[in-house]
Amino acid sequence: MMTDQILLFSAVSIAAYLLGSVPFGLIFTKISGRGDIRGIGSGNIGATNVLRTGSRKLAGLTLIFDASKGSVAVAVAGHFAGSQMAAIAGLLVVAGHCFPIWLKFVGGKGVATSLAVFATLDLRLGGLFVLVWLVTAWLSRFSSLAALCAVLAVTTGSFFLLDDGVTQIIILLLSALVWTRHHANIVRLLNGTETKIGAK
């Protein structure tokens, strides 16, 4: 029985990480002939930086596919292995996006994928994320600050909305990962050099 659980855990973990490692932003920009997204803007492979290529369509596709990674990982793991394994899959799919094996472990910041993970685990968490992101972005015009506040809100909200301590801890770890990936943005926010939404 224990062997079966270990095999299940290993299979879910590896599959979630590998799925998260698929760099859709890089794939879409290269296919479209816009070059390597890692040489544009911030060098990030996520939707925000893809938007800097001037293509809203590519940015939208990147956002949808990056989010889909999170939803698929959590939904499939939850169906076959239960809610706690779904949360673990959510953490690892975001880790895969942030540290993709295909790109020498240099990836994105995990915001879109995290949003999908939160929403698939519990729609209330997804709704809270979107609400806080929109309000913060509207007030500050900083995408990075909006993401940081949204993740912090979800982490806090999980302790009121969820009853599963394991899932709460995993959400805390996931949020810490996203905050860590925004370390450069945090520095720029503090010294007043962070780029605002819509700025070129």
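Residues numbered from 1 in each chain as written. Predicted model: local features only at pLDDT ≥ 70, side-chain atom pairs only at ≥ 80, totals over all residues. Heavy atoms only, no water.

A. How the structure looks around the pattern of salt bridges. As enumerated under the stated definition, the model contains 4 salt bridges in all. Where R124 meets D122, a salt bridge forms, and the shortest distance between an N and an O atom there is 2.9 Å. Between R188 and E194 there is a salt bridge, with the nearest N and O atoms lying 2.7 Å from each other. (Salt bridge = Lys/Arg side-chain N within 4 Å of Asp/Glu carboxyl O.)

B. Representation of a nonpolar patch on the surface within the structure. There is a patch of nonpolar side chains on the surface, built from I14, L18, F99, I101, W102 and F105 and spanning about 590 Å² of accessible area. Relative to the helices and strands, L18 is located in helix α1 (residues 2–20). Residue L18 is classed as partly exposed on the basis of its relative accessible area of 33%. (Patch = residues over 30% accessible without salt bridge, like charges linked within 9 Å, V, L, I, M, F, W, Y side chains within 5 Å. Areas by Shrake-Rupley, 256 points an atom, 1.4 Å probe, with all protein chains shown as cover. Helix = DSSP H or I, 4+ residues; strand = E, 2+ residues; numbered from the N terminus. Buried < 20%, exposed > 50% of the residue type's maximum accessible area, 1.4 Å probe, protein only.)

C. Seen up close, the nonpolar core. Counting residues in each nonpolar core, the largest one holds 26 residues, and the members touching the most others are V94 and F118. The set of elements that each furnish at least two residues to this core consists of α1, α4 (56–81), α5 (83–98), α6 (111–121), α7 (123–140), α8 (143–161) and α9 (165–181). Among the elements that line this core, the one with the most residues is α5, at 7 residues. Discounting chain neighbours no more than four positions away, the residues touching V94 are G110, T113, S114, V117, L174 and L177. One finds F24, I37, I45 and L103 within the second-largest nonpolar core, a separate group that totals 9 residues. (Core = buried A, V, L, I, M, F, W, Y, C linked by side-chain atoms within 4.5 Å. Contact = heavy atoms within 4.5 Å.)

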